[in-house]
Amino acid sequence: MPEEPLQERTEEPTPRRREEARKRGQVARSRELASVVVLGSSVLAFALSGTFMYYQIRAALEFFLGNFFRSFDFPEGMLAIRKAFYFSVLGVAPFFLLLTVAAFLAHFVQTGGVAAWEVLSPKAERINPVEGFKRLFSIPALVELVKSVAKIVIISTVAYLVIRHRLGDLLALTGEDLHTLAVALYFLSRDLVLKLLIALVVLAILDFFFQRWDVERKLRMTREELKEELKQTEGDPLVRSRIRQLQREMARRRMMAEVPRADVVITNPEHLAVALRYQLGEMPAPQVVAKGRGYLAERIKEMAREAGVPVVEDPPLARLLYQRVEVGNYIPEDLYQAVAEVLAFVYRLRGKRVS
């Protein structure tokens, strides 16, 4: 069946369709949000470990420059390189470790940790030029273009505003020593990065909600797709109807087989029939072993008469038993007295017959 346009997909996706989409990696995730998380984490990591990184890298350079050129002996030179490398790695390791954790969490929170290996498998449509041309003019491609332009505009605008605000301070640094210039540039960079981060966070949140909307739009189903999936998961409706019919017939046959073993059948007298059985000392209360309405009620009464089971007319009690007690269940306590009177009447009848 050919793919129908997305405009005709009016049905909400089923849990099975969502699960299959997750296996294919079709989940809402925003690259912009992940980038912002990594950028914000890098700023935080630099703020927390910047001093430590500075002293570690400084120690590495001092050790390297102080030992490597002191002697050209190969073993001593390699030892200096190895120790300098150790100090450098020790300095930058916390920074990159935090960035790695942040990137993992950004992916995990958005996707729930889904790993779609199917995405890595080669597919012909990925190298099909016609499909590639269609993707160039799709809604996601248009959104990516808008995002790229928006990022350029945001970065340019924020940088212009921050630098214009501090332009007087920058011009006043002319002739200052290197330390003063470095401190001023640090504060300028910090202010610029923080404001850029705030602007990009807004863009990333908007992109994340768009990605969720786009995934939901693609997962929506046509009525035909919904019917076909229901057939696959629950079976053909005609088959299910036939199975339910057979189950009802089997349950009805089992119920009718219990009628000859009943102690009494209470009727209404034309529409309802309820068969009760009670064994003193073995059952906690009288049990409904069969019940029916209309034709089924007539069959219950007919089988009861053939088996010699008394049929008693008590319309109010018959209605209560039919409405409140399912086949196989014991009667409720508030009906004990009424049923006991009927059973006592039946036992008296049987006593007269025996005598």
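All of these numbers come straight from a predicted model, not from anything done at the bench.

**Brief notes about the overall build of the protein**
Line of reasoning, step 1. The helix and strand inventory of the protein stands at 12 helices and 4 strands.
Line of reasoning, step 2. The 355 residues of the protein split such that 29% are buried.
Line of reasoning, step 3. For the protein, the proportion of contacts with a sequence separation of at least 24, taken over those separated by at least 6, is 73%.
Line of reasoning, step 4. Carbon and sulfur atoms make up 64% of the accessible area of the protein, which totals about 23900 Å².

**Some points on the packing of helix α5 (residues 139–165) against helix α7 (residues 178–219)**
Line of reasoning, step 1. In contact at an axis separation of 10 Å, α5 and α7 are set at 165 degrees when each is read in the N-to-C sense. Put simply, α5 runs roughly antiparallel to α7. In this structure, α5 crosses over α7, and the sense of that crossing is right-handed.
Line of reasoning, step 2. Here the residues of the contact of α5 with α7 sort into 16 nonpolar, 1 polar and 9 charged.

**Looking at the pattern of salt bridges**
Line of reasoning, step 1. Considering all chains together, one arrives at 12 salt bridges under this definition.
Line of reasoning, step 2. Among the ionic pairs, Arg-277 bridges to Glu-258, the shortest N-O distance being 3.0 Å. You can see Arg-277 sitting in strand β2 (residues 272–277) and its partner Glu-258 sitting in the loop between α9 (237–257) and β1 (264–267), a full 19 residues away along the chain.
Line of reasoning, step 3. For Arg-277, a relative accessible area of 13% corresponds to the buried category.
Line of reasoning, step 4. A salt bridge links Glu-298 to Lys-301, with the nearest nitrogen and oxygen atoms 3.2 Å apart. Of this pair, Glu-298 and Lys-301 both sit in helix α10 (residues 295–307), 3 residues apart, roughly one helical turn.
Line of reasoning, step 5. Looking at Glu-298, the relative accessible area reads 37%, which means it is partly exposed.
Line of reasoning, step 6. With relative accessibility at 6%, the residue Lys-301 sits in the buried group.
Line of reasoning, step 7. One network of salt bridges, in which partners are shared, links Glu-32, Lys-147, Lys-151 and Asp-207.

**Comments concerning the UniProt feature "transmembrane region" (unreviewed entry) in the protein**
Line of reasoning, step 1. The positions UniProt marks with the feature "transmembrane region" (unreviewed entry) are residues 33–55, 84–109 and 193–210.
Line of reasoning, step 2. This span, residues 193–210, is 100% helix and 0% strand, and a straight line between its end C-alpha atoms measures 25 Å.

**Details of the pairing of strand β3 (residues 287–293)**
Line of reasoning, step 1. Judged by how many residues are buried, β3 sits mostly within the fold: 6 of 7 residues are covered.
Line of reasoning, step 2. The pairing of β2 with β3 spans 6 bridges and is antiparallel. The residue of β3 that forms the bridge with Ala-273 is Gly-292.

**So, the packing of aromatic side chains**
Line of reasoning, step 1. Evaluated as defined, the whole model comprises 2 aromatic pairs.
Line of reasoning, step 2. The ring of Tyr-322 has Lys-291 sitting right over it, with the charged end atom 4.9 Å from the ring centre.

Reading guide: rules and limits
- Residues numbered from 1 in each chain as written.
- Predicted model: local features only at pLDDT ≥ 70, side-chain atom pairs only at ≥ 80, totals over all residues.
- Heavy atoms only, no water.
- Helix = DSSP H or I, 4+ residues; strand = E, 2+ residues; numbered from the N terminus.
- Buried < 20%, exposed > 50% of the residue type's maximum accessible area, 1.4 Å probe, protein only.
- Contact = heavy atoms within 4.5 Å.
- Areas by Shrake-Rupley, 256 points an atom, 1.4 Å probe, with all protein chains shown as cover.
- Axes fitted to C-alpha atoms, helices over the stretch in contact; angles between N-to-C directions.
- Parallel < 35°, antiparallel > 145°, perpendicular 65-115°, else oblique.
- Left-handed = near helix turned anticlockwise from the far one by under 90°.
- Nonpolar A, V, L, I, M, F, W, Y, C, P; charged D, E, K, R; others polar.
- Salt bridge = Lys/Arg side-chain N within 4 Å of Asp/Glu carboxyl O.
- UniProt positions renumbered as here; feature names shortened; annotations may be inferred.
- Pairing = 2+ DSSP bridges.
- Phe/Tyr/Trp six-rings, centres within 6.5 Å; stacked < 30°, edge-to-face > 60°.
- Lys NZ or Arg CZ within 6 Å of the ring centre and 35° of its normal.

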